[in-house]
Amino acid sequence: MSPTVPERQLREPAPLRPTPPVDVAALQRLLDGPAFATRDRVRTILSSPEFGYRAELSDERYREVVLQWLRKLTAEGFGALAVPQEFGGGGDPRGFLAAFETLAFHDLSLTIKFGVQFGLFQSSILLLGTRWHHERFLRATSSGELLGGFAMSELGHGSNVRDLETTATYDAAKREFVIHTPAGSAHKEWIGNAAVHGRMMTVFAQLIVGGTNHGVHALLVPIRDADGKPCPGVRIGDTGHKEGLNGVDNGRIWFDQVRVPREHLLNRFGDVSAEGIYSSPIDNPAKRFFTMIGTLVGGRITIGLSALSAVKSALTIAIRYGNRRRQFGEPGQPEIALLDYRTHQRRLLPALATSIVLDIALSRMVDRFIEMKSGDTRLVEGLAAGLKAYTTWFAQQAITDARECCGGQGFLAVNRIAVLRRDIDVWTTFEGDNTVLMQLLAKGLLTGYKQEFAEVGVIRLFARRATASLRAHNPITTRRDDEDHLRDPAAQLALLRYREDRLLDAAARRLRARAKKDDPTHAMIDVQDHLMHLATAHVERESFEGVQEEIERAGPSLRPLLELLRDTFWAGCVERDMGWYMMSGAVETPKAKAIRYLVNKCIQELRPVAEEITAAFGIPEAVLAAPIASDPLPTAGNRPS
Ligand SMILES: Cc1cc2nc3c(=O)[nH]c(=O)nc-3n(C[C@H](O)[C@H](O)[C@H](O)COP(=O)(O)OP(=O)(O)OC[C@H]3O[C@@H](n4cnc5c(N)ncnc54)[C@H](O)[C@@H]3O)c2cc1C
C-alpha cells in the first residue's frame, strides 16, 4: 500500500543538540556589565530586613513606607550617583541606570518614586538647566532634602506635549514668570510626588514673552512650603487609588497666576533676559522643542531596563515553580514537572531568551546614551523609543504568562507575580505611550531613508535593494530547511534585514503616493499599521545584531549558550511574523515548518538549564521572596502510586 500524502511528508526530525553548559558567574558578569559594584550595593541594601515587603497596606501607609525606603537609598548616596562631582555627586550616570534597574527587582512603587525624584525631577534640572540651577538645587535633590516631580502631562494633553495649555508669561516689570492653568483641561495630571511629598515641580508650559509664544519650556515652580502647605495660588489634588503603583503619590496641580523669579526658567535651550528678550541657541522652534524633549531620553531607557527586571523576577519565580510543581502523568509513575510540558516551555523559555537578548540590546543603548554628545540625541532617540515600547509590551505579556504558568499560586499577592503584573501594566503608557513611540521610531527611519536616498542616489539605492531582494527570493534559500542554515547567524540576519528593508521601502512608497492626495498628517495616519510593523522589525533586527556581537566577543564558556538564546529569539520572532514572511515570498512552506520546529527544539535544549540561567540575574532571595520559588516547594508532591 502506498503511503498517504501526509505520511510521505513526515521526515525524521534532526536530533536535539546537546544542551550547552551555563557558566552562571560569566553570564551574570555579562548581564551586570561595568556597573556591577553598584548593582551589588543595591542588592545588599534591598536584602536588609527594613526593605521586607509589607502586605495589605492602605495607600496612605504604603506611600509612607516607600518614602522611608527612598530616604534610606538617598542616605546611601544613590540619589547623587548621576550628579556631576562638582555639585557633590558621583558623576556616574551609568551607575545610576544600573541602580535603577536593580531596584526594579524589588517593589515597583519604590522604583518609580526613585525615578520621579532622580530620573525625572533631578535630571530635568541637570539637563535642561544651567549652572545657576545646578549650584542651587542639585545637592538638595540628591540628598532628598528637596523632593520634587516632573509636571508635564495635563488632563487634555498627554502624548501631545507640544500643545500643552499651561502658560508661563514673562512680567518684565517684576522680572518674574506667571504660571497659569488657563482652562479646565489644562491642569497637570498624574504627577508623581505631587499628592503628598513633593515641594517643587519642573513645570512644562508655553513660554510667552512680550505677547509671543516661544513654545513649551520648563520652569522650576515651588508647590509646597516647608510645612507642606500648598504655596499661594497652587491647588493640589490626589489622583487616588490606581490599578497599581499605589505606593506613589500621584497628584493633580492647578496654578492660579503663580509667580516665580525669572531665573527659575530652565534655560539651557531658551532664555529670557531681564528686559524680556527671548534667545535660544536653536533658532528653529520645532528643532528646539524636539532637542529639549530628546534630552530627556534617559527616562525612557530606565523604563525599559526596569521592565526587564520585573520580567526577570517573574520568570525566575515561574521557572522555579515549573521545575518543582508536578501534575498528571502515567499511572504508577511520578507526576510530570510542569516545565516538562511543551506548552509550559513555549510560554516561559522563549521569554527567557528574549529577556537576555533585550538585556544586551538595552546595555548597548546605555553605552550609546553615555557616549551621546551633549544635545545630539538623534542616534539614540528613535531606538530608545522603540526599545522602550518593545520591552514593556514584552514585559506585560511575559509576566501575564508567568502568572498563568503558576496557576492559582500565581494569583496570590505573597507570590509577587500578580503584584508585578498590576504594577507593570502602565509601563506601556508613561514615559511615552508605546504606540506613539513606535511611530516616532518609524518616522526617524523614514527620515534616514530620505537622507540615504539623497546621498546614495535613487538608482544605486534601488540597485542595492533589488540585489538584496533577489537574494531573499532565491528559490533555494526560501525553501531551505536544514538546521545548519536555520542556525547560521548570517542567514538569520539576512531574513530580519530583508523584512525591515522591505517594510521601509513600502512605507516610503505608500507615504509618497498618499502625500499627493492628502496632507502629511493624514497620509501618515493612513500607514500607521505599516509603521508599527516597521518599528518592530527594526527593534528585532537591532537586538539580534546586539546579541550576535556579544557572541563574537564571548569566551568559550558562554558562547554556545548565547548562540542557543539567539536561535530561540530569532526563531520566535520569525515564527510570530510568519504570515508576512510567507506573503512576501521570503519563506516557503518547508522552511516555515522547519522554523516552527526549531522553536520547539531550542526550548527543549534550554529546558534543563532554564533555572540555572535565571540564577545569573542575581536576584537576592530576600528580594525575590515568593514562597512558590522556594526549595523545597511546600505544595509539590508525587501522586500516590
Ligand atoms: C501611573 C502614572 C504615572 C504618571 N506619572 C507622570 C508624571 O510623573 N509626570 C507626567 O508629566 N506625566 C505622568 N504620567 C502621564 C503619562 O505620561 C501619560 O499618561 C502618557 O503620556 C499618555 O498620555 P495620556 O494618558 O493623555 O494618553 P493619550 O495621549 O490620550 O493616549 C490615549 C490613547 O490614544 C493613543 N494615541 C494618542 N495619540 C496617538 C497618535 N498620534 N496615533 C495613534 N494613537 C494615538 C495612544 O496610543 C493611547 O492608546 C503618568 C501616568 C500614569 C498612568
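Rules used throughout
- Residues numbered from 1 in each chain as written.
- Predicted model: local features only at pLDDT ≥ 70, side-chain atom pairs only at ≥ 80, totals over all residues.
- Heavy atoms only, no water.
- Helix = DSSP H or I, 4+ residues; strand = E, 2+ residues; numbered from the N terminus.
- Rg over C-alpha atoms; globule rule 2.2 N^0.38 Å.
- Buried < 20%, exposed > 50% of the residue type's maximum accessible area, 1.4 Å probe, protein only.
- Phe/Tyr/Trp six-rings, centres within 6.5 Å; stacked < 30°, edge-to-face > 60°.
- Pairing = 2+ DSSP bridges.
- Axes fitted to C-alpha atoms, helices over the stretch in contact; angles between N-to-C directions.
- Core = buried A, V, L, I, M, F, W, Y, C linked by side-chain atoms within 4.5 Å.
- Contact = heavy atoms within 4.5 Å.
- Salt bridge = Lys/Arg side-chain N within 4 Å of Asp/Glu carboxyl O.
- Expected span 1.5 Å × (residues − 1).
- Near = heavy atom within 4 Å.
- Polar contact = N/O pair within 3.5 Å; in protein donor to acceptor, adjacent residues only side chain to side chain.
- Areas by Shrake-Rupley, 256 points an atom, 1.4 Å probe, with all protein chains shown as cover.
- Nonpolar A, V, L, I, M, F, W, Y, C, P; charged D, E, K, R; others polar.
- 1 Å grid on protein atoms, 1.4 Å probe; cavity = no way out; pocket = protein on both sides within 12 Å on 5 of 7 lines; lining within 4 Å.
- Points joined across faces, edges and corners; volume = space filled by probe spheres on them.

**Brief notes about the overall build of the protein**
The helix and strand inventory of the protein stands at 24 helices and 13 strands. In terms of overall size, the protein behaves like a compact globule, its C-alpha atoms giving a radius of gyration of 27 Å where 641 residues would be expected to give roughly 26 Å. The C-alpha extent of the protein, read off along each of the three principal axes, is 100 × 65 × 45 Å. For the protein, the residues scored as buried account for 54% of the 641 residues in total.

**Thoughts on the packing of aromatic side chains**
Two numbers describe a pair of aromatic rings. These are the distance of the centres and the angle of the planes. Counted by the stated rule, this structure contains 12 aromatic pairs. Connected via pairs of aromatic rings, a cluster forms that spans F96, F100, F114 and F118.

**Concerning the sheet that holds strand β4 (residues 188–191)**
If you walk across this open sheet you meet the three strands as β4-β8-β7, and the pairing is antiparallel. This sheet does not close on itself; its edge strands, each paired only once, are β4 and β7 (234–238). For this sheet, the mean inter-axis angle between neighbouring strands, taken without regard to orientation, is 25 degrees. Sheet topology places β4 next to strand β8 (residues 251–255); two bridges connect them, and they run antiparallel. Following the sheet pairing, I191 is matched in β8 by G251.

**Focus: the nonpolar core**
In terms of nonpolar packing, the biggest core is built from 172 residues, with L27, F114, F204, L348, W570, Y581 and I613 touching the most fellow members. If we ignore the near neighbours within four places in the chain, the residues touching L348 are L315, A318, I319, L339, A402 and C405.

**What about the pattern of salt bridges?**
The final tally for this structure, using the stated rule, is 44 salt bridges. D484 is the salt-bridge partner of R17, the closest N and O atoms lying 3.3 Å from each other. Of the two residues, R17 is situated in the loop between α1 (5–9) and α2 (24–32) and D484 in helix α16 (residues 483–486); the sequence distance between them amounts to 467 residues. Classification of D484 by relative accessible area gives exposed; the value is 57%. Residue E542 pairs with R364 through a salt bridge whose shortest N-O separation is 3.5 Å. With E542 in helix α19 (residues 528–553) and R364 in helix α10 (residues 342–371), this pair connects stretches of sequence that are 178 residues apart. By the burial criterion, E542 is buried, and R364 matches it.

**Digging into helix α4 (residues 59–75)**
Helix length check: α4 (17 residues) gives 24 Å between terminal C-alpha atoms against 24 Å at 1.5 Å per residue, within 8%. Every buried residue of α4 is listed here: Y62, R63, V65, V66, L67, W69, L70, L73 and T74. Elements in contact with the buried residues of α4: α3 (36–46), α5 (93–103), α6 (108–128), α7 (131–143) and β7.

**Structural notes on the site of the ligand**
Neighbouring the ligand are 16 residues; F150, S153, S159, W190 and D433 lie closest to it. Contacts to the ligand include S159, whose side-chain N or O atom sits 2.6 Å from an oxygen atom. For the ligand, an oxygen atom lies 3.0 Å from a polar atom in the backbone of G192. Protein contact buries 64% of the 970 Å² of open area that the ligand shows by itself. Those elements that place two or more of their residues in the shell around the ligand are β4 and α13 (434–456). Looking at side-chain class alone, the shell around the ligand contains seven nonpolar, eight polar and one charged residues.

**With respect to the environment of L561**
Structurally, L561 can be placed in helix α20 (residues 559–576). Setting aside residues up to four positions removed in sequence, L561 forms contacts with P20, P21, V22, L27 and I613.

**Points about the side chain of N434**
As for its position among the elements, N434 is in helix α13. N434 gets classed as buried once you look at its relative accessible area, which sits at 1%. With residues up to four places along the chain from it excluded, the contact list for N434 reads K388, A389, T392, W393, W427 and T428.

**Here we look at empty space enclosed by the protein**
Regions of empty space are outlined by a rolling probe, equal in size to a water molecule, passed over the atoms. All chains considered together, the criterion is met by two cavities of 30 Å³ or more. The space that makes up the largest cavity amounts to roughly 70 Å³. At the level of elements, α2, α3 and α5 are the ones that each hand at least two residues to the lining of the largest cavity. Here the lining of the largest cavity is composed, by residue class, of four nonpolar, one polar and six charged. Approximately 50 Å³ is the volume found for the second largest cavity.

Bear in mind that shape data such as this cannot, by itself, settle questions of function.
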